[in-house]
Amino acid sequence: LCLQVPELEKATVRIRQPERVREIIRSLREQGVAKLQVISDFDMTLSRFGCNGRRCPTSHNILDTSRVVSEDGKKKLKDLLHYYYPIEIDPNRSLEEKRPLMVEWWTKAHELLVQQKIHKGDIAQIVRESEAMLRYRLGDFFDQLHKNKVPLFIFSAGVGDILEEILRQANVFYSNVNVVSNYMGFSEDGVLTHFKGPLIHTYNKNNTVLQGTGYFQQLSTRTSIILLGDSMGDLTMADGVPSVENILKIGFLNDKVEERRRKYLDSYDIVLESDETLDVVNGILRHILTQ
């Protein structure tokens, strides 16, 4: 397989069942471009986790730490992060236990943001002034998919308005990209008044929040899937696809690598440890798309 996809030789790559992965990639290639779709998380999957030993911001962080949020608001949002993030990534807590706590976190954070009276017109500037960083060679990834007319579905628990603006400023928000995320609702004069439902958090990325979008129904012939995520919650993102024939799950293990490795290797076909690039994904895509 490394002969066909040399990127799999990278030191960051871990695969528990190489034979199985080879089989899936072979099937994806055989089924061809007409059957392929990509489903991806955004924060820490398409965007970077860290740079020079510092954490990169998520789409929520970009808003939380921007000049449009008061010092008091920033402090409260940070307190929420410090309380809930360890719960979110705790390998010893069950999803049943985590779900209500994630709803609690997102709801409180969104309420705090609404209190800030954020203006729609400020979003582009907020993103421009932020330290948002996309993974290395993300442009190649988006370009390959766009050129081959492969749909890219971004399923994000982040802030949709911020996420779209990041893609726009990177010049990769192409027509084949579809985003489902938490979007802000604005008043007539462009002030944030609420977040539109349904609420999407780390652990409900599945059919329950996709009802009524009908997105996967329109793509019912796209039965080959490459799924990209960085958390256990991302594994259910393809649940809405009507009849999956082949699915390759690629997981970015960004944080607490040692203690979470086993769980990731049990759940994802390919695990990329502390890898800030899309090299492996691009290599696999190239192999599948070049006939």
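Residues numbered from 1 in each chain as written. Predicted model: local features only at pLDDT ≥ 70, side-chain atom pairs only at ≥ 80, totals over all residues. Heavy atoms only, no water.

The chain has the name 5'-nucleotidase in an unreviewed UniProt entry, where Prunella fulvescens is given as its organism. Entered under Subunit (unreviewed entry) in the UniProt record, the comment concerning the chain runs "Monomer." Check the Function (unreviewed entry) section of the UniProt entry for the chain; it says "Specifically hydrolyzes 7-methylguanosine monophosphate (m(7)GMP) to 7-methylguanosine and inorganic phosphate. The specific activity for m(7)GMP may protect cells against undesired salvage of m(7)GMP and its incorporation into nucleic acids. Also has weak activity for CMP. UMP and purine nucleotides are poor substrates." (UniProt positions renumbered as here; feature names shortened; annotations may be inferred.)

Concerning the pattern of salt bridges
Throughout the structure, instances matching the rule amount to 28 salt bridges. In this structure, R48 engages E276 in a salt bridge whose closest nitrogen and oxygen atoms are separated by 3.7 Å. Of this pair, R48 sits in the loop between β2 (36-40) and β3 (50-51) while E276 sits in the loop between β11 (270-273) and α11 (279-289), and the two are 228 residues apart along the sequence. Ionic pairing is found between R261 and E273, a salt bridge with its closest N-O pair at 2.6 Å. Here E273 lies in strand β11 and R261 lies in helix α10 (residues 257-267), a separation of 12 residues in the sequence. Note on accessibility: R261 and E273 belong to one class, buried. Through salt bridges with shared partners, a single ionic network connects K10, R137, D275 and D279. (Salt bridge = Lys/Arg side-chain N within 4 Å of Asp/Glu carboxyl O. Helix = DSSP H or I, 4+ residues; strand = E, 2+ residues; numbered from the N terminus. Buried < 20%, exposed > 50% of the residue type's maximum accessible area, 1.4 Å probe, protein only.)

Some thoughts on α11
With 10 of 11 residues buried, α11 is to be regarded as a mostly interior element. When we look at burial in α11, the residues that qualify are D279, V280, V281, N282, G283, I284, L285, H287, I288 and L289.

With respect to the environment of G73
By secondary structure assignment, the location of G73 is in helix α3 (residues 71-89). When its relative accessible area of 1% is taken as the criterion, G73 is described as buried. Taking the C-alpha atoms as reference points, G73 and L167, separated by 94 residues in sequence, lie 26 Å from one another.

Describing the domain arrangement of the chain
Once the domains are mapped, the chain shows domain 1 (6-49 + 134-289) and domain 2 (54-129). In this structure, domain 1 and domain 2 have C-alpha centres spaced 21 Å apart. Across the boundary between the two partners, domain 1 contributes 33 residues, which contact 32 residues of domain 2. Summing both partners gives a buried area of about 2,900 Å² for domain 1 against domain 2, and 69% of it is carried by carbon and sulfur. (Domains from an automatic or database assignment. Contact = heavy atoms within 4.5 Å. Buried area = accessible area lost by both parts, 1.4 Å probe.)

Thoughts on the pairing of strand β10 (residues 246-253)
Judged by how many residues are buried, β10 sits mostly within the fold: six of eight residues are covered. Alignment of strand β9 (residues 224-229) against β10, held across six bridges, turns out to be parallel. When the bridges of β10 are listed, S224 appears paired with N246. Here β10 runs beside β11; their pairing, made up of four bridges, is parallel. For F252, the partnering residue across the bridge sits in β11 and is L272. Once the chain exits β10 it traverses α10 before rejoining the sheet at β11, and the crossover so formed is right-handed. (Pairing = 2+ DSSP bridges. Right-handed = clockwise from strand over helix to strand, strands pointing away.)

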